[in-house]
Every structure is written in structure tokens, then in C-alpha cells.
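Coordinate analysis (summary)
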Amino acid sequence: MLKLFYTPGSCSLASHIALEEAGAAHEAYRVDFSKAEQTKPEYLAINPKGRVPALVTDRGTLTETPAILTYIAQTFPDARLAPIGDPFEFSRLQSFLSYLCSTVHVAHAHGRRGARWADDPAAHEAMKAKVAKNMADCFALIEDRMFAGPFVMGENYTIADPYLFTIAIWLEGDGVDPGQFPKVLDHRNRMAERPAVAKVLEVVRARG
């Protein structure tokens, strides 16, 4: 039984959805950031980074969203969540996951985690002031150059779709009108209607 450690509103939602889409037997455990549970010894024993997601498998614990998503796709190949038999297409998928992780998520984090990069409160405010533009620039690139449609990589649903959905639902909170990106917004709306997504969102809401 896989164990996923998640926090509502975080990027762990992507892994949660992927597990459901794959039909993977799993249990989900909330890490309450409002109580700083991510800093407690019990959780640090699972993930010493003190972040989510963390996926406990029978071979050990995996962290970082792209790694967990890839593990799910490769462990449950019948779900067809990645083109694992095509090196080029699989690498193209990895490129998209990496962009979300290393660029888009970081742009978002500058509005909430400025202390990671600077100690000066004025610097934190300067970072926050750039979040809307930086996120809009990221999503303009996704909209215009990276999103194939109807799903991220084209005709087939992949692990890139729950990841994009997860970050796209942050746009309003980052001061960005998602209406600027009709393909991304349409994708977000269609994703919300998928049974696996609706089920995970309900689980997250029910647990607070």
C-alpha cells in the first residue's frame, strides 16, 4: 500500500490525482502546515526536506513531484499516464514537468516563501510584486508554445495534466486572470470534471 503525504493547496495535489487516475492502492495522510507538522521529528523521519509530497513505497520514500509522477506512470503502465516506451516523447514529457517544477512553481513561491532567498523584508515585498507578471509570463509560454491540446502533450492524458491543473488553480491567488489563457483555462475546467480529480478534491476538502 502506497502512502502519500500531502498538504491542501500544495503541489502534492498532482501526485494525489495521478495515484487515483492510475487506480493505485494508496492511503493519503495530511500534513498540517498550520501546525508546522512538516517540521516535527515524526514527519522529518519520512521526508527530511520538511516538504510535500512524499510517497512511501515498499522500497523507500520518494520526494519531489516530477519523480513521484514518473514513478506512478512507470509502476502502473496499464494506466498509460506517460509514453514510457518512446524515449523522445518521454523526455519531452519530463521537460514539461521540469519546467513546472523549476520555473513556474518557483515563480509562485516568491510570493509566499521570500525568506528562502533573502532576509530583507523589502526584498520579500519586491519578490511579491513580481509574482503576477512572472506567473503570467510562464503561462503565456505554456499557452502559446507548450500546450499541445486537448491535453498537455496532445491527444493522450499524461502525468503532465494533473501537474498543470494543480498549478493553474493557483493563478487567481497570484493575481493572474486565467481568462488570458483560454487553452489552459479550458483544460483546468475539463480536469475538474474528471472523476479521479473530483474524488481527490472531495477527499482534500473533507479533511480540511
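Here, the structure is the one placed above.
The text that follows walks through the structure, step by step, so that each part is easy to find. The structure presented is a predicted model; accordingly, all values stated were derived computationally and were not measured. (Residues numbered from 1 in each chain as written. Predicted model: local features only at pLDDT ≥ 70, side-chain atom pairs only at ≥ 80, totals over all residues. Heavy atoms only, no water.)

This paragraph deals with the packing of aromatic side chains. Scanning the model with the defined rule gives four aromatic pairs in all. Pairing Phe-5 with Tyr-43 gives two aromatic rings, centres 5.8 Å apart and planes at 55°, and the pair type is tilted. Taken together, the residues Phe-5 in strand E1 (residues 2-6) and Tyr-43 in helix H2 (residues 41-44) connect sequence positions 38 residues apart. We classify Phe-5 as buried; its relative accessible area is 12%. Members of the aromatic cluster, connected to one another through ring pairs, are Phe-5, Tyr-29 and Tyr-43. Taking the ring centre of Phe-151 as reference, the NZ or CZ of Arg-190 above it sits at 5.7 Å. (Phe/Tyr/Trp six-rings, centres within 6.5 Å; stacked < 30°, edge-to-face > 60°. Helix = DSSP H or I, 4+ residues; strand = E, 2+ residues; numbered from the N terminus. Buried < 20%, exposed > 50% of the residue type's maximum accessible area, 1.4 Å probe, protein only. Lys NZ or Arg CZ within 6 Å of the ring centre and 35° of its normal.)

Turning our eyes to something else, we now look at helix H6 (residues 160-168). With nine of its nine residues buried, H6 lies for the most part within the structure. Of the positions making up H6, those classed as buried are Ala-160, Asp-161, Pro-162, Tyr-163, Leu-164, Phe-165, Thr-166, Ile-167 and Ala-168. Contact partners of the buried residues in H6: helix H1 (12-22), helix H3 (65-75), helix H4 (87-109), helix H5 (121-146), helix H7 (182-192) and helix H8 (195-206). (Contact = heavy atoms within 4.5 Å.)

Let us look at the pairing of strand E3 (residues 54-57). Here E1 runs beside E3; their pairing, made up of three bridges, is antiparallel. Bridge pairing in E3 links Leu-4 to Leu-55. With four bridges joining them, E3 and strand E4 (residues 60-63) adopt antiparallel strand pairing. Among the inter-strand pairings, Ala-54 is bridged to a residue of E4, identified as Thr-63. In textbook terms, the turn of a hairpin is the stretch between consecutive antiparallel strands, and for E3 and E4 this stretch comprises two residues. (Pairing = 2+ DSSP bridges.)

Attention shifts here to H5. A rise of 1.5 Å per residue sets the reference length of H5, with its 26 residues, at 38 Å; its end C-alpha atoms lie 35 Å apart and thus fit the reference within 8%. Of all the bends in H5, the largest measures some 40° and sits at Val-131. Three or more residues of H5 are buried, namely His-124, Met-127, Val-131, Met-135, Ala-136, Cys-138, Phe-139, Ile-142 and Glu-143. Buried positions along H5 lie against H4, H6 and H7. (Expected span 1.5 Å × (residues − 1). Bend = angle between axes of the 7 residues up to and from the residue.)

Below, the discussion takes up the sheet that holds E4. Strand pairs in the sheet, formed through backbone hydrogen bonds, run parallel or antiparallel to each other. If you walk across this open sheet you meet the four strands as E2-E1-E3-E4, and the pairing is mixed. The open sheet has two edge strands with one neighbour each: strand E2 (26-30) and E4. Mean inter-strand twist for the sheet, computed between neighbouring axes without regard to direction, equals 20°. Of the pairings in the sheet, the one linking E1 to E2 comprises five bridges and is parallel in character. Looking at E2, one finds that Leu-2 is bridged to His-26. Along the sheet, H3 makes contact with E1, E3 and E4, crossing E4 at roughly 120°. (Axes fitted to C-alpha atoms, helices over the stretch in contact; angles between N-to-C directions.)

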